[in-house]
Each structure stands twice: as C-alpha cells, then as structure tokens.
Amino acid sequence: MFSHKEKEHPTLSDDAHYDDDAPDMVVCPPHTTERKLITKIDLHVVPFLCIMYLLAFLDRVNIANADVFGLSKELGLVKTQYNNALVIFFVPYILLEIPSNVVLKKLKPRVWLAICMFGFGLVTMLQGFVQSYSGLLATRFFLGVFETGMFPGAFYLIGMWYRRHEAQKRYSFFFSSTTLAGAFGGLLASAIGKMDGMRGYAGWRWIFILEGTLTCVVSFFFFFLLPNFPEEVKWLTNEERDFVQARLRIDQGRSARERPIKLADVGRIFRDPKIIVGGFMYFGLIVPAYGYAYFSPAIIQGYGYSKIQTQLHSVPPWAAAFGFAMTIAWFSDRLKHRFLFAIFPICVAITGFAILISVHNNHNLQYAALFLVAMGCYTAMPVIVCWFNMNLGGHHRRAVGSAWQVGFGNIGGIIAVYAFLAKDAPKYIPGYSICIAFVTLSALSCVLYFFMCQWANRSREKSVRDVGLTEYEKTELGDLNPDYRYLL
C-alpha cells in the first residue's frame with residue numbers, strides 16, 4: 001500500500017505516463033494532461049461554490065449595513081435586542097451542520113445546496129418586510145436553518161476533488177468569498193441606501209429585498225451548475241473520472257463514497273482527540289471574524305463618517321484581506337506546509353487588536369488596525385479549515401469532521417454578537433479584549449494540533465508498515481490507517 005507522505009507522491013507531470021501495474025502511479029488519459037484536467041475541475045467546481053457562498057455570507061451580514069441605515073431605529077430595538085437578532089441565527093446554524101452534510105452526501109450536492117440557497121434568499125428578502133422585533137427574530141432563525149449547509153458542505157465537496165497540497169489555494173479562494181462579500185456588501189449598501197423612501201420603503205429594507213431576490217434568481221441556475229462529487233459528474237469522461245479518483249486515492253486513501261454514514265461512525269470519529277482540537281482551532285477565530293463582520297460598520301461610523309462614507313470605508317479592509325489570504329495560500333501550497341501559515345496571520349490579527357485596544361485618539365491608525373484584523377482573521381481561517389479537513393481521510397470522516405469543526409466553531413458567533421455592545425462604543429475595550437483571548441486560544445490549539453499530527457506521523461514511521469489490513473479496513477480507518485501521513 002502506498003504511503004501517504006507528501007514527499008512520496010508521484011510527480012504527475014503533464015507528459016508523465018506510468019506502468020499500469022505500479023500501485024502508486026496514475027496514468028493520465030492520453031487525450032489530455034493533468035494540468036488541463038485540473039483547470040477543467042477548477043472551472044466547474046470553484047467559481048460556482050464561491051458565488052454561492054458570497055451570496056450566503058452577504059445575506060447573513062448585510063444586517064450590519066442595514067442597521068447603519070436605521071433598522072434598529074425603525075423597528076424600535078432597544079438594549080441588546082439587535083444582538084439577540086444576530087445570535088438567534090446561530091442556534092439552527094450550529095445544530096444542523098452535521099445533519100446537513102449527511103443529507104448532502106445522501107442527495108446530490110447540487111440539489112441540496114441549490115434548495116438551501118433558494119431558502120436563504122427567500123428569507124433574506126422577507127427580512128425587508130418585517131415590522132417588529134419578533135418578525136426580525138423569526139427571519140434570522142430561518143436564515144440560520146437554510147444557511148447551515150453552505151459552508152461545511154462546500155468545504156467537504158472541495159476536499160473530495162483535490163489532493164492535499166493542491167487544496168489551500170482553492171480553499172482560500174472559496175473562503176475569500178466572505179471578504180469579497182464584505183467589500184461587495186459595503187459598495188452595494190452605499191448604492192441601495194440611496195433608494196431610501198422609494199415606494200415607501202426605507203433604504204435598509206431595500207438592502208434585504210434586492211439582495212435576497214438576487215440570491216433566489218441565481219439559485220435556479222445553480223441547480224444545474226453546482227458540482228457533484230467526482231463519482232457523479234457528467235462533464236468528465238470515464239477515463240478522466242477514473243484518473244481523478246485514482247490520484248485522490250493515492251493522496252487520501254479510498255473515499256467510501258458508496259457507504260452511507262451511520263450514527264456509529266459519528267461516535268467513532270469523536271474518539272479521535274484531533275477532531276476536538278480542530279474544532280477549537282476554528283472556534284477561536286470565529287469570535288473576532290464575526291465581531292468584525294457584524295460590527296466593523298458601526299466601529300468605522302464611530303470615527304466620524306457619514307452613512308455612505310461608512311459603507312465605502314468598509315470596503316478596503318476586505319479587499320486587503322482577500323489579497324493577503326491568496327498570497328499566504330500560494331506559499332502554503334508551494335511549500336506543502338500549513339502550521340506556520342496559520343500562526344503568522346493570527347499574529348497579524350493580534351497586532352491589530354492590540355492597536356485598537358490601546359489607541360483611541362488616532363482614527364487613521366485605528367482604521368489601519370482594522371486592516372490587520374481583517375487580513376489576519378480571514379487569512380488564518382481558510383488555512384486552518386483546509387489543514388484540518390484535508391487531513392481527514394474518506395467521505396465519512398471528512399463529512400462529519402468538517403461539519404463538526406464549522407458547527408462547533410460557530411458557537412463563537414454567539415459570543416461575538418454580545419462582545420460588542422452599544423454601551424461600550426466607541427472604544428469597545430471588552431470586545432477587543434475578548435477577541436484577543438479567543439485568537440490566542442486558536443493559536444494554542446494550532447500548536448497542539450501540529451504536535452499531535454507530528455507525533456502520529458513519527459509513531460507510524462517507527463511501527464510495522466504491513467499490519468495485514470484489508471482494503472476495506474483501510475477505507476474504514478480513513479486517516480487513522482497506519483499508511484496515512486498527516487500534512488503539517
């Protein structure tokens with residue numbers, strides 16, 4: 001059986017052909033090259049998932065832009081009612097992550113994701129018509145129900161298409177949909193806000209109505225355009241499909257796509273302590289990430305900008321985060337390493353929060369610190385999620401593990417929405433303090449996960465290589481297979 005160490009991967013160059021009998025070699029179909037095939041996969045998988053998640057994140061956080069245009073004032077929200085409306089989103093979003101990935105595996109991904117997409121688009125549009133605090137709570141709750149499958153489902157799906165050392169650029173580009181949504185949301189809100197009073201609706205209502213309608217329309221097209229698993233797609237020939245599956249099998253082991261996920265599988269997966277640590281890696285970054293996404297417009301408005309200027313000034317930090325995330329991803333894939341490329345952005349984020357918590361009379365420096373916060377958080381998160389997900393072998397471990405990481409991590413969203421309260425404006429010292437603490441938790445979890453993976457690799461190097469496992473047993477074990485090596 002082939003060892004899953006990165007250094008032992010065969011070099012699948014464009015013109016390489018290998019002996020069919022070699023168990024660790026894969027022959028590219030003669031009518032194409034591996035590079036062309038990967039480009040074909042990129043064009044069918046990544047762009048549509050990116051657009052889908054851009055719209056999902058936009059519909060999730062556009063409430064922050066709407067609040068700048070008077071949502072709380074018109075609905076009469078007082079004290080922590082606005083924060084309550086934010087937090088109720090996370091209740092179904094957290095609880096339904098794992099069930100959603102189980103359904104996604106059972107149905108075709110394009111079917112399940114398109115249904116969810118139409119659902120959260122419709123709910124977003126309905127937010128534009130709410131007349132009370134209770135109506136806002138109801139729409140935010142159902143938004144969480146329909147959005148629950150987007151993020152873990154897309155990460156799970158991407159992980160079933162690419163080898164581990166190819167994945168970070170794709171994960172980061174997908175995850176950067178959030179930064180593009182933040183930038184796009186600010187620009188869109190500044191334009192839509194000028195519709196204030198049109199047909200008797202306030203500007204904040206038009207933000208929900210138009211952005212929700214756009215999502216619903218796009219979901220109809222995406223029912224046909226979103227990708228499925230490699231075993232199911234029609235746009236690959238049989239030869240290409242076999243090649244894609246074989247190269248992934250060498251890198252990650254057999255996928256067990258055909259076997260349903262059972263409750264006993266979930267229990268076995270959680271016996272692995274690395275699974276728990278992976279949840280805390282993500283959990284620590286969710287607090288500052290959602291804190292920034294939901295409250296950066298209010299923080300920027302506190303620097304003395306008008307409503308329109310606030311929306312426009314929210315765009316550059318998101319754009320910088322996108323550029324920084326893609327740069328880090330390129331180097332991470334190039335060097336086939338994750339740990340240091342997770343820790344460095346975390347340090348950048350801590351630097352930004354340190355400035356914000358200590359400087360209160362220099363708005364230019366404070367605004368620059370927001371760049372560091374956005375760049376650090378939204379760069380470290382895709383590295384961490386990719387690192388964890390791509391170290392999980394097989395469909396069942398990856399489906400449950402990815403949903404667990406995202407589901408548990410999003411508990412941090414509940415903390416984030418209560419970290420930045422109106423009574424703490426404009427300094428927000430409690431919020432910044434909480435963010436520093438949780439970013440530090442993420443860094444410590446990354447260090448622990450690194451040493452756990454390193455210890456597992458070294459233990460397997462020293463142990464007997466051939467322990468007589470059948471192919472079925474190796475498939476069931478996934479990354480716990482003694483031949484598997486974790487990416488560090």
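The structure under discussion appears in the preceding block.
Right, let's walk through the structure included here. Residue positions within a chain follow its written sequence, with the count starting from 1. In keeping with the predicted nature of the model, local features appear solely for residues at pLDDT of at least 70, side-chain atom pairs appear and are counted solely at 80 or more, and the whole-chain, interface and lining totals rest on all residues. Where side-chain values are given, they derive from all heavy atoms of the structure, hydrogens and water being excluded.

1. Here we look at the overall build of the protein chain
Step number 1: Helix and strand content of the protein chain: 22 helices and 0 strands.
Step number 2: Relative accessibility thresholds used throughout: buried, under 20% of the residue-type maximum; exposed, over 50%; partly exposed, between the two (1.4 Å probe, protein chains only). Scored against the burial criterion, the 488 residues of the protein chain give a buried share of 60%.
Step number 3: Contacts: residue pairs with any heavy atoms within 4.5 Å of one another. Counting contacts in the protein chain only where the partners sit at least 6 residues apart, residues at least 24 apart contribute 82% of the total.
Step number 4: Residue-level accessible areas treat just the shown protein chains as cover; the underlying method is Shrake-Rupley with a 1.4 Å probe. Accessible area for the protein chain stands at about 18,600 Å²; split by element, carbon and sulfur atoms hold 66% of it. What counts as a helix is a DSSP run of H or I of at least four residues, what counts as a strand is a run of E of at least two, and both are numbered from the N terminus.

2. Overview of the nonpolar core
Step number 1: For our purposes a nonpolar core is just a set of buried Ala, Val, Leu, Ile, Met, Phe, Trp, Tyr and Cys residues, chained together by side-chain atoms within 4.5 Å. By size, the foremost hydrophobic cluster in this structure holds 156 residues, and its most contacted members are Leu49, Leu71, Tyr294 and Tyr378.
Step number 2: Here this core takes 19 residues from helix H1 (residues 34–68), the largest share from any one element.
Step number 3: For Tyr378, the contacting residues outside a window of four places in its chain are Phe57, Phe175, Thr178, Thr179, Ala289, Tyr290, Tyr292, Ala293, Trp318, Ala321 and Ala325.

3. Details of the packing of aromatic side chains
Step number 1: Between rings of Phe, Tyr and Trp, where Trp is taken as its six-membered ring, a pair exists when centres lie within 6.5 Å; planes separated by under 30 degrees are stacked, by over 60 edge-to-face, and by other angles tilted. All chains considered together, the criterion is met by 43 aromatic pairs.
Step number 2: Ring centres of Phe90 and Tyr290 lie 4.9 Å apart, and the angle between their planes is 80°; this geometry places the pair in the edge-to-face category. Highlighted residues: Phe90 in helix H4 (residues 90–95) and Tyr290 in helix H14 (residues 273–301), separated in sequence by 200 residues.
Step number 3: A relative accessible area of 4% places Tyr290 in the buried class.
Step number 4: Their ring planes at 55° and their centres at 6.2 Å tell us that Phe324 and Phe344 sit as a pair that is tilted. Taken together, the residues span a long stretch of sequence, with Phe324 in helix H16 (residues 315–335) and Phe344 in helix H17 (residues 339–358) at a distance of 20 residues.
Step number 5: An aromatic cluster of three or more residues is present, and its members are Tyr53, Phe57, Phe151, Phe174, Phe175, Tyr282, Tyr292, Trp318 and Tyr378.

4. A look at the packing of H16 against H17
Helix-helix packing is described using two parameters, namely the angle between the two axes and the distance between the axes.
Step number 1: Axis geometry follows a simple rule: fit a line to the C-alpha atoms, using only the stretch in contact for helices, then measure angles between N-to-C directions, giving values from 0 to 180 degrees. In contact at an axis separation of 10 Å, H16 and H17 are set at 155° when each is read in the N-to-C sense. Compared by their axis directions, H16 and H17 come out roughly antiparallel. Of the two elements, H16 crosses H17, and the hand of that crossing is right-handed. Together, Phe324, Ile328, Phe331, Ser332 and Leu335 of H16 and Phe341, Phe344, Pro345 and Val348 of H17 make up the contact between the two elements.
Step number 2: Classes in brief: Ala, Val, Leu, Ile, Met, Phe, Trp, Tyr, Cys and Pro nonpolar; Asp, Glu, Lys and Arg charged; the others, Gly included, polar. Looking at side-chain class alone, the contact of H16 with H17 contains 8 nonpolar, 1 polar and no charged residues. In what follows, roughly perpendicular refers to angles from 65 to 115 degrees, roughly parallel to angles under 35, roughly antiparallel to angles over 145, and oblique to any angle outside these ranges. Left-handed is the label given to a crossing in which the near helix is rotated counterclockwise from the far helix by less than a right angle, and right-handed is the label when the rotation is clockwise.

5. Considerations on helix H9 (residues 164–175)
Step number 1: Expected helix span is taken as 1.5 Å per residue step, with the number of steps being one fewer than the number of residues. Relative to the 16 Å expected for 12 residues at 1.5 Å per residue, H9 spans 16 Å between its end C-alpha atoms, a close match to the ideal helical length.
Step number 2: Most of H9 is tucked away, with 10 of its 12 residues classed as buried.
Step number 3: Taken residue by residue, H9 has Arg164, His165, Glu166, Ala167, Gln168, Arg170, Tyr171, Ser172, Phe174 and Phe175 as its buried positions.

6. Considering helix H11 (residues 203–225)
Step number 1: The first and last C-alpha atoms of H11 sit 33 Å apart over 23 residues, in line with the 33 Å expected at 1.5 Å per residue.
Step number 2: Note that the bend at a residue is defined as the angle between axes fitted to the seven residues ending at it and the seven residues starting at it. Taking the largest bend as the criterion, H11 deviates by roughly 30°, centred on Ser219.

7. Concerning unusual backbone geometry
Step number 1: Cis geometry is found at the peptide bond from Ala425 to Pro426, where omega equals 0°.
Step number 2: Relative to the helices and strands, Pro426 is located in the loop between helix H20 (411–419) and helix H21 (429–462).
Step number 3: Within the chain, Lys79 stands out as a residue other than glycine whose phi angle is a positive 50°.
Step number 4: Structurally, Lys79 is set in the loop between helix H2 (71–75) and helix H3 (81–87).
Step number 5: In this model, Lys336 sits at a positive phi of 50°, which is unusual for a non-glycine residue.
Step number 6: If you trace the backbone, Lys336 turns up in the loop between H16 and H17.

8. Side note on the environment of Arg397
Step number 1: Along the chain, Arg397 turns up in helix H19 (residues 395–409).
Step number 2: In this structure Arg397 comes out as buried when scored by relative accessible area, which is 3%.
Step number 3: On a C-alpha basis, the gap between Arg397 and Leu480 in space is 9.9 Å, while along the polypeptide they are 83 residues apart.
Step number 4: Within the structure, the side chain of Arg397 is placed 3.0 Å from the side chain of Asp272, a separation counted as a polar contact. What qualifies as a polar contact is a pair of N or O atoms within 3.5 Å, subject to a donor-acceptor requirement within protein and to the restriction that residues adjacent in sequence count only when both atoms come from side chains.

9. Thoughts on the pattern of salt bridges
Step number 1: Put simply, a salt bridge is a Lys or Arg side-chain nitrogen that is within 4 Å of an Asp or Glu carboxyl oxygen. Summed over the entire model, instances satisfying the criterion amount to 14 salt bridges.
Step number 2: Between Glu74 and Arg205 there is a salt bridge, with its nearest N and O atoms 3.1 Å apart. Placement of Glu74 in helix H2 and of Arg205 in helix H11 is noted, with a sequence separation of 131 residues between them.
Step number 3: A relative accessible area of 43% means that Glu74 is categorised as partly exposed.
Step number 4: For Arg205, a relative accessible area of 3% corresponds to the buried category.
Step number 5: Note that Lys274 is salt-bridged to Asp272, the shortest N-O span being 3.2 Å. Across the pair, exposure class does not vary: Lys274 and Asp272 are buried alike.
Step number 6: In the salt-bridge network here, residues are joined through shared partners; they are Glu34, Arg163, Glu166 and Arg247.

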